[in-house]
Amino acid sequence: MRRTLATAAALLGAGTLVLAGCSSGDDASSDGRPIVVTSTNVWGSVASAVAGDKATVTTLYTNNEGDPHEFEPSAADTATVADADLVVLNGGHYDQYMEDAVAGGDVPTVNAFELLTGEEHAAEESGESHEDHSHDESSLNEHVFYDLAVVGEVATQVGDQLAELDPANADEFRSNAEQFTTEIDGLRDQLATIKADHDGTEVAQTEPLAGYLLAEAGLTDSAPAGFTQAVEEGQSPSAADRAAMEDLLTSGSAHALIYNTQAVDSVTEAVLAVAQRSDVPVVEFTETLPDGTTDYIAWQSAQIEDLSNALGSHDAH
């Protein structure tokens, strides 16, 4: 759920989040391994899959219940980021404090949202389209960790950046990245199966969290745009949008409700209750890794399986 961010000074108190990039000859960690700092544990899990035991990965936001948009870095977080050899962030104002930190600095950075918009621009120039994404960057969904193609590209770029930082282990970093992208292809195969079975099926989200994933699965998010936008911005949807959302569920038009468990308020709880009363399968999705899960592939595979089962359950009624 997007929130209006305070100024950088308010977020950081007495500290200032400024990055001073370490040169490839500096040992940022005591054992000489490159230090990777990520904004959330989602990107931390991607970086860890590539780094293996040859780099140290530190994540600032690991709460599996709160809203990552609202995270306020501490002085200790400031120090952690300042020591980074490589920063991996979401971008798109999702983790604005990290974007501000790398602005104008020289620390190597992988910005997932910029990879998405880069694909958009390349597709626009070639006359092709990238999934169902808009070419207007301001309207793009910032939850790019649900765009599997972009996540795979992040892994590749992390591998390349670590290879430059630590040439002695370059082959391992790139091999790990290749293995990760192969596993991403496996997730995309799961989505292709859903598309084959349910192409065009209507679903509804409480906010546009998994939009990219649903689009690749051939599913249509029929939730009113006014409703999901209001929820994402922490506002109250209009009465008309609430009624339209409820009608999707009570009429059976939506075959599943995708419920963001980290963006919950009285409005989303009311929608959840309507879905449950209407026997609409509910699929819980998250913005960070659930408790006990450290692997991106396992996380997304479980969510995709839950989605598939929900759609199958609805069809069986």
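Residues numbered from 1 in each chain as written. Predicted model: local features only at pLDDT ≥ 70, side-chain atom pairs only at ≥ 80, totals over all residues. Heavy atoms only, no water.

Observations regarding the overall build of the protein
Worth spelling out the cut-off: Starting at the N terminus, helices and strands are each numbered in turn, a helix being any DSSP run of H or I of at least four residues and a strand any DSSP run of E of at least two. Summary of the burial criterion: residues with accessible area below 20% of their type's maximum are buried, those above 50% are exposed, and those between are partly exposed, where the area comes from a 1.4 Å probe applied to protein chains only. The criterion used for residue contact is that any of the two residues' heavy atoms lie within 4.5 Å. Per-residue and other accessible areas were derived by the Shrake-Rupley procedure at a 1.4 Å probe size, with only the shown protein chains allowed to occlude residues.
Helices and strands together make up the secondary structure of the protein, namely twelve helices and eight strands. Among the 317 residues that make up the protein, the fraction classed as buried is 49%. For the protein, the proportion of contacts with a sequence separation of at least 24, taken over those separated by at least 6, is 67%. About 13400 Å² of surface is accessible on the protein, with carbon and sulfur atoms providing 44% of the total.

Quick word on the packing of aromatic side chains
To keep things clear, this is the line we draw: Two rings from Phe, Tyr or Trp (for Trp, the six-membered ring) form a pair when their centres are within 6.5 Å of each other. A pair whose planes differ by under 30 degrees is stacked, one over 60 is edge-to-face, and the rest are tilted.
Across all of its chains, the model carries eight aromatic pairs by this definition. Taken together, a centroid distance of 5.4 Å and an interplanar angle of 75° make the contact between Y61 and F71 edge-to-face. With Y61 in strand β2 (residues 56–61) and F71 in the loop between β2 and α3 (75–82), the pair connects residues that are ten residues apart, well separated along the chain. An identical accessibility class is assigned to Y61 and F71; each is buried. Taken together, the ring pairs in this structure connect Y94, F145, Y146, F180, F285, Y296 and W299 into an aromatic cluster.

A look at the nonpolar core
To be explicit about the condition: Residue types Ala, Val, Leu, Ile, Met, Phe, Trp, Tyr and Cys, when buried and joined through side-chain atoms within 4.5 Å, form a set referred to as a nonpolar core.
Residues W43, V154, L162, Y296 and L307 are the most contacted members of the largest nonpolar core, which totals 55 residues. When residues of this core are traced back to their parent elements, those giving at least two are α2 (41–51), β3 (86–89), α5 (112–126), α6 (148–165), α7 (170–198), α8 (211–216), β8 (282–285) and α12 (296–316). Counting residues per element, this core draws most heavily on α6, at eight residues. Once you skip the residues sitting within four places of it in the chain, Y296 turns out to touch V42, S45, V46, F145, L148, V151, F180, I184 and L187.

Looking at the side chain of T40
With respect to the secondary-structure elements, T40 resides in strand β1 (residues 35–40). Those residues in contact with T40 that lie beyond four places of it in its chain are T59, Y61, P68, Y94 and T288.

Points about the sheet that holds β8
Stated precisely, the cut-off is as follows: Strands are labelled as partners when DSSP assigns at least two bridges between them. Lines fitted to C-alpha atoms define the axes, with helix axes restricted to the stretch in contact, and inter-axis angles between N-to-C directions lie between 0 and 180 degrees.
Ordered in space as β6-β5-β7-β8, the four strands form an open sheet in which the pairing is parallel. In this open sheet, the two strands that pair with only one neighbour each are β6 (220–221) and β8. Looking at chain direction, strand β7 (residues 257–260) and β8 are connected through four bridges and run parallel. Considered in β8, the bridge of Y259 is made with E284. The sheet strands contacting helix α10 (residues 239–250) are β5 (202–205) and β7, and the helix crosses β5 at an angle near 135°. Strands in contact with helix α11 (residues 266–277) are β7 and β8; relative to β7, the strand with the most contacts, it is inclined by about 150°.

Concerning the sheet that holds strand β4 (residues 109–111)
In spatial order, the strands read β2-β1-β3-β4; together these four strands make up an open sheet with parallel pairing. Edge strands, defined here as strands with exactly one partner in the open sheet, are β2 and β4. With strand direction ignored, the average angle separating the axes of adjacent strands in the sheet is 15°. As judged from the five bridges shared by β1 and β2, these two strands associate in the parallel manner. In the strand pairing of β2, I35 is matched with T56.

Observations concerning α11
Note the following rule: An expected span of 1.5 Å times one less than the residue number is assigned to each helix. Think of the arc as the fan of directions from the helix axis to the C-beta atoms. The definition of a polar contact used here is a pair of N or O atoms within 3.5 Å, where within protein one atom must be able to donate a hydrogen and the other to accept one, and adjacent residues in sequence count solely through side-chain atom pairs.
In a regular helix each residue adds 1.5 Å, so twelve residues correspond to 16 Å; α11 covers 17 Å between its end C-alpha atoms and thus fits that length. All of the buried residues in α11 are V267, T268, V271, L272, V274 and A275. Down the axis of α11, the buried set is contained in an arc of 160°. They therefore lie on one face. In α11, the exposed residues that point more than 90 degrees away from the buried face are S266 and R277. Its side-chain oxygen 3.0 Å from the backbone nitrogen of V267, D265 forms the N-cap of α11. A positive phi of about 60° marks D279, the residue just after α11.

Re the side chain of E207
Structurally, E207 is set in the loop between β5 and α8. Within the structure, E207 has its side chain in polar contact with the side chain of N260 (distance 2.9 Å).

Concerning the pairing of β8
Let me state the cut-off plainly: When the strands point away from the viewer, a crossover counts as right-handed if the route from the first strand across the helix to the second turns clockwise.
Only one face of β8 is buried: it carries V283 and F285, and the other face, with V282 and E284, is open. You can see the chain leave β7, run along α11 and come back into β8, and the turn it takes is right-handed.

Comments concerning the environment of A101
For A101, the position within the fold is in helix α4 (residues 96–102). For A101, a relative accessible area of 4% puts it in the buried group. A sequence separation of 19 residues divides A101 from A82, and the C-alpha atoms of the two residues are 8.6 Å apart.

Description of the packing of α2 against α6
Cut-off, in case you're wondering: Throughout, the term roughly parallel applies to angles under 35 degrees, roughly antiparallel to angles over 145, roughly perpendicular to angles from 65 to 115, and oblique to all others. Two helices crossing with the near one rotated counterclockwise from the far one by less than a right angle form a left-handed crossing, whereas a clockwise rotation gives a right-handed crossing. Polar here means any residue other than Ala, Val, Leu, Ile, Met, Phe, Trp, Tyr, Cys and Pro, which are nonpolar, and Asp, Glu, Lys and Arg, which are charged; Gly is therefore polar.
Taken N-terminus to C-terminus, the directions of α2 and α6 make an angle of 50°; their axes are 9 Å apart at the nearest point. With respect to each other, α2 and α6 are oriented oblique. You can see that α2 and α6 cross each other, and the crossing is right-handed. Residues W43, V46, A47, V50 and A51 of α2 pack against V151, V154, A155, V158, G159 and L162 of α6. By residue class, the composition of the contact of α2 with α6 is ten nonpolar, one polar and no charged.

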